[in-house]
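As a plain string of letters, each chain reads:
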Amino acid sequence: MDETIDDIEYLVSSEHRVGVLDALADGPSDRDELRTTTGASSPTMGRILTDFQNRHWIERDGTLYQLTGLGEFVANQFGEFRNAMAYQRQLHEVLSWLPHELEGFSIELLTDVVVSQTGSGYPYEPVERLTEFITTTRTMRGFGMALLKSGNLEPFFDHVLDGLVCEYIYPPAVFEDLLKWDEKTVLNAVRRANYTVLLHDDLPLDERCGICLFDSYVSICCYNPETGTLQSLVDTGSDEMRAWVDSYYEQFRDEAQPLNDATDLLSVDSIQ
């Protein structure tokens, strides 16, 4: 077997080894502290410390053990690998709903990701997570299908009427659905200077995806086009993701039309 694989297997095959590496990444510890932290027996701890010293991952200073430079490198790289595997576990069930068709999108953009999904026991998690963002943000921009469910609409328009600075690019059919939901509330909000509505009749993925830029987070709303349900919400504070969404948002914004100039895209005649 490849020696690199041997090293990986050596580390990950023991939760006690991983625990010692994690504990020493936080700072020097003595043997008793490491046993308490990891739950390892005295013989097991002795073997781990000897092995780590033989691999030049740790060194001893009196009663304290600490990571060497090589040990710090191993701990950092292993931590990044575990984070990546944790992200993939969160994302693997929602991959088909993400905007892969948009140029420049990649999973690497999604760091510190949180995935909220519907479930048989509690199907409202994505709606509630989106509502949390809507009601706590000061600014909001977005495009596509993000604002469609009634569970999000009431808090969204309440926040708009309370001063939320929002600019949103709607597919015409989605904005028509808003008017059908509550025409009076929507038109009242549209007349506010803090709420700008733009219409775009050729947004990509407009049947299954909406993306919002909040103060500190980007959220991707993933809809099932067959049922119209919010299948999942994927959010991240990644600067790289925000820069990617910003570039697309500006492109779509340049292509979109202000609401009052685009009433020909609508089949309703409520907008004056």
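Residues numbered from 1 in each chain as written. Predicted model: local features only at pLDDT ≥ 70, side-chain atom pairs only at ≥ 80, totals over all residues. Heavy atoms only, no water.

## Points about the UniProt feature "domain: HVO-A0261-like N-terminal" (unreviewed entry) in the protein
Line of reasoning, step 1. Per the UniProt record, the feature "domain: HVO-A0261-like N-terminal" (unreviewed entry) sits at residues 6-88.
Line of reasoning, step 2. What you have in residues 6-88 is 71% helix and 12% strand, and the ends, taken at the C-alpha atoms, are 23 Å apart. (UniProt positions renumbered as here; feature names shortened; annotations may be inferred. Helix = DSSP H or I, 4+ residues; strand = E, 2+ residues; numbered from the N terminus.)

## A closer look at the nonpolar core
Line of reasoning, step 1. In this structure, Met 140, Phe 156, Phe 157, Tyr 170, Phe 175 and Tyr 195 are the most contacted members of the largest nonpolar core, which totals 33 residues.
Line of reasoning, step 2. Considering each element in turn, this core owes the most residues, seven residues, to helix α8 (residues 172-190).
Line of reasoning, step 3. If sequence neighbours within four positions are ignored, Phe 157 has contacts with Leu 178, Trp 181, Thr 185, Val 186, Ala 189 and Tyr 195. (Core = buried A, V, L, I, M, F, W, Y, C linked by side-chain atoms within 4.5 Å. Buried < 20%, exposed > 50% of the residue type's maximum accessible area, 1.4 Å probe, protein only. Contact = heavy atoms within 4.5 Å.)

## Some words on the domain arrangement of the protein
Line of reasoning, step 1. As far as domains go, the protein holds domain 1 (1-76) and domain 2 (97-264).
Line of reasoning, step 2. Summarising the inter-unit geometry, the C-alpha centres of domain 1 and domain 2 are found 46 Å apart. (Domains from an automatic or database assignment.)

## Section: the layout of surface pockets
Line of reasoning, step 1. If you add up the space inside the largest pocket, you get close to 240 Å³.
Line of reasoning, step 2. In this structure, the largest pocket is lined by Asp 7, Ile 8, Leu 11, Val 12, Trp 57, Phe 73, Val 74, Gln 77, Phe 78 and Phe 81.
Line of reasoning, step 3. When residues of the lining of the largest pocket are traced back to their parent elements, those giving at least two are α1 (3-12) and α5 (69-91). (1 Å grid on protein atoms, 1.4 Å probe; cavity = no way out; pocket = protein on both sides within 12 Å on 5 of 7 lines; lining within 4 Å. Points joined across faces, edges and corners; volume = space filled by probe spheres on them.)

## So, the packing of aromatic side chains
How two aromatic rings sit relative to each other is given by the distance of their centres and the angle of their planes.
Line of reasoning, step 1. Counted according to the given criterion, the structure contains 16 aromatic pairs.
Line of reasoning, step 2. Judged by centre distance (6.0 Å) and plane angle (90°), the ring pair of Phe 157 and Tyr 195 falls under edge-to-face. Separated by 38 residues along the polypeptide, Phe 157 in helix α7 (residues 150-161) and Tyr 195 in strand β7 (residues 195-199) bring together distant segments of the chain. Tyr 195 carries the same exposure label as Phe 157, and that label is buried.
Line of reasoning, step 3. Note on Tyr 168 and Tyr 170: the rings are 4.5 Å apart at their centroids and 45° apart in plane angle, and the pair reads as tilted. When sorted by exposure, Tyr 168 lands in the same class as Tyr 170, which is buried.
Line of reasoning, step 4. Ring pairs connect the aromatic residues Phe 105, Phe 143, Trp 244, Tyr 248, Tyr 249 and Phe 252, which therefore count as one cluster. (Phe/Tyr/Trp six-rings, centres within 6.5 Å; stacked < 30°, edge-to-face > 60°.)

## Quick look at the environment of Tyr 65
Line of reasoning, step 1. Relative to the elements of secondary structure, Tyr 65 occurs in strand β3 (residues 64-67).
Line of reasoning, step 2. As a C-alpha pair, Tyr 65 and Gln 53 span 12 residues in sequence and 9.5 Å in three-dimensional space.
Line of reasoning, step 3. Excluding anything up to four places from it in sequence, Tyr 65 contacts Leu 24, Pro 28, Ser 29, Arg 31, Leu 49, Gln 53, Ile 58, Glu 59 and Arg 60.

## Some thoughts on empty space enclosed by the protein
Gaps left between atoms show up when a probe the size of a water molecule is rolled over them.
Line of reasoning, step 1. A complete count under the given rule lists one cavity of 30 Å³ or more for this structure.
Line of reasoning, step 2. The volume enclosed by the largest cavity comes to roughly 30 Å³.
Line of reasoning, step 3. In this structure, the largest cavity is lined by Leu 102, Phe 143, Gly 144, Pro 204, Leu 205, Cys 209, Gly 210 and Ile 211.
Line of reasoning, step 4. Elements represented by at least two residues in the lining of the largest cavity include exactly β5 (139-144) and β8 (209-213).
Line of reasoning, step 5. No other element matches the three residues that β8 contributes to the lining of the largest cavity.
Line of reasoning, step 6. Among the residues forming the lining of the largest cavity, the class breakdown is six nonpolar, two polar and no charged. (Nonpolar A, V, L, I, M, F, W, Y, C, P; charged D, E, K, R; others polar.)

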